[in-house]
Amino acid sequence: MAAVLWMSQQPDPDGLSRESRTAIRLVVEALETEKARQAALDPPTSDRERLERMGVLDQIGRRALNSVDYSRLPTDERPAARAAVWRVLGDNDRALMGELLAMVPPEGWFLKSVYGEQAAASAFLIVQHSGPEHWRRFLPVLEPLVAKGEVDGEEYGLMYDRLAVSEGRPQRYGTQMVCRDGRWAVDTLEDPEKVDVRRQEMGFRWTMAEYEARFTASSCA
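The following refers to the structure shown. (Residues numbered from 1 in each chain as written. Predicted model: local features only at pLDDT ≥ 70, side-chain atom pairs only at ≥ 80, totals over all residues. Heavy atoms only, no water.)

Per the secondary structure count, the chain includes ten helices and two strands. Along the three orthogonal principal directions, the C-alpha set of the chain runs to about 50 × 50 × 25 Å. Looking at the chain residue by residue over its 221 residues, the buried ones come to 44%. Long-range contacts, defined as pairs at least 24 residues apart, comprise 59% of the intrachain contacts of the chain with a sequence gap of at least 6. Carbon and sulfur atoms form 51% of the exposed surface of the chain, whose accessible area is close to 12,000 Å². Charged side chains in the chain number 29 positive and 36 negative. The centres of these two groups are separated by 2 Å. (Helix = DSSP H or I, 4+ residues; strand = E, 2+ residues; numbered from the N terminus. Buried < 20%, exposed > 50% of the residue type's maximum accessible area, 1.4 Å probe, protein only. Contact = heavy atoms within 4.5 Å. Areas by Shrake-Rupley, 256 points an atom, 1.4 Å probe, with all protein chains shown as cover. Lys, Arg positive; Asp, Glu negative; His and termini not counted. Charge placed at Lys NZ, Arg CZ, Asp CG, Glu CD.)

So this is what it looks like as structure tokens:
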């Protein structure tokens, strides 16, 4: 119902066609349907359960986004349609981040041994989808917890690289890709010859070459 109301209030958002508005609606409806589902549940009995539900909300809109085929939209509308979709996701991301910040425990992070794998992963995703201000806050907290097994090394590496790229610095673990000449390529690396050593130390599942191969076969806009 909320998704229908949203669209009725904006029958022609940004002057977009019905095809583009339908693409936006996919993401809006996915989020509102999940919010309604969670609202019908009993209140969470712990922060662990609350985080797990928040993690579902973080991912549901992005899964809907993956089903959007921008190639079916009018070419001149694609940038505006993408921007509209990301405004919806951004609003959701900010709400989740605000909720998470109010829950941060005294030790500074949601430890796996206390909150469980799923809740800890949810917390990471929510922070990862926030912005540099929050990455700077949490990275120093996460780093020593990797060695203790309380934080996944790949998660730490992803956040480290995302912050580095956002600040115009070379990434350390090769997790961030950039579109070059219509193909995905690894963004600038710090000491490229040592990247696989660093990835191994953090427990990454793939070598740099294996990870890059997962992207380079796909085209990008």
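Within the structure shown, the criterion is met by 14 salt bridges. Salt-bridge contacts for glutamate 34 lead to arginine 37; the nearest nitrogen and oxygen are separated by 2.8 Å. Here glutamate 34 and its partner arginine 37 are both found in helix α2 (residues 18-39), three residues apart, which amounts to about one turn of the helix. Taking relative accessible area as the criterion, glutamate 34 reaches 7% and is therefore assigned buried. Since its relative accessible area comes to 42%, arginine 37 is described here as partly exposed. The salt bridge involving arginine 205 is made with glutamate 154; its shortest N-O contact spans 2.9 Å. Placement of the pair is arginine 205 in the loop between α9 (195-201) and α10 (208-216) and glutamate 154 in helix α8 (residues 153-166), with a sequence separation of 51 residues. Given the relative accessible area of 59%, arginine 205 is considered exposed. Each of Asp58, Arg62 and Asp93 takes part in one network of salt bridges that share partners. (Salt bridge = Lys/Arg side-chain N within 4 Å of Asp/Glu carboxyl O.)

Residues Val27, Leu51, Leu100, Trp109, Phe110, Val127 and Tyr156 are the most contacted members of the largest nonpolar core, which totals 49 residues. Secondary structure elements with two or more residues in this core: α2, α3 (47-66), α4 (78-101), α6 (117-128), α7 (132-147) and α8. The leading source of residues in this core is α4, at eight residues. Formed by six residues, the second largest nonpolar core is a distinct cluster that contains Met177, Val186, Leu189 and Val195. (Core = buried A, V, L, I, M, F, W, Y, C linked by side-chain atoms within 4.5 Å.)

Below, the discussion takes up the side chain of glutamine 38. With respect to the helices and strands, glutamine 38 occurs in helix α2. On the accessibility criterion, glutamine 38 (13% relative accessible area) is buried. At 2.8 Å, the side chain of glutamine 38 and the side chain of glutamate 34 are in polar contact. (Polar contact = N/O pair within 3.5 Å; in protein donor to acceptor, adjacent residues only side chain to side chain.)

The final tally for this structure, using the stated rule, is eight aromatic pairs. An aromatic cluster of three or more residues is present, and its members are Trp109, Phe110, Tyr115 and Phe138. Its end group placed over the ring of tyrosine 211, arginine 199 keeps NZ or CZ at 4.9 Å from the ring centre. (Phe/Tyr/Trp six-rings, centres within 6.5 Å; stacked < 30°, edge-to-face > 60°. Lys NZ or Arg CZ within 6 Å of the ring centre and 35° of its normal.)

Non-glycine residue aspartate 181 carries a positive phi angle of around 55 degrees. Tracing the backbone through its elements, the reader meets aspartate 181 in the loop between β1 (177-180) and β2 (183-186). Since its relative accessible area comes to 84%, aspartate 181 is described here as exposed. The residue aspartate 191 is not glycine, and still its phi comes out positive at about 45 degrees. Note on placement: aspartate 191 falls in the loop between β2 and α9. On the basis of relative accessible area, aspartate 191 is assigned to the partly exposed category, the value being 36%.

With that out of the way, let us pick up the environment of glutamate 133. Turning to its location among the elements, glutamate 133 is positioned in helix α7. What makes glutamate 133 exposed here is its relative accessible area of 60%. Spatially, the C-alpha atom of glutamate 133 lies 27 Å from that of serine 46, the residues being 87 residues apart in sequence.

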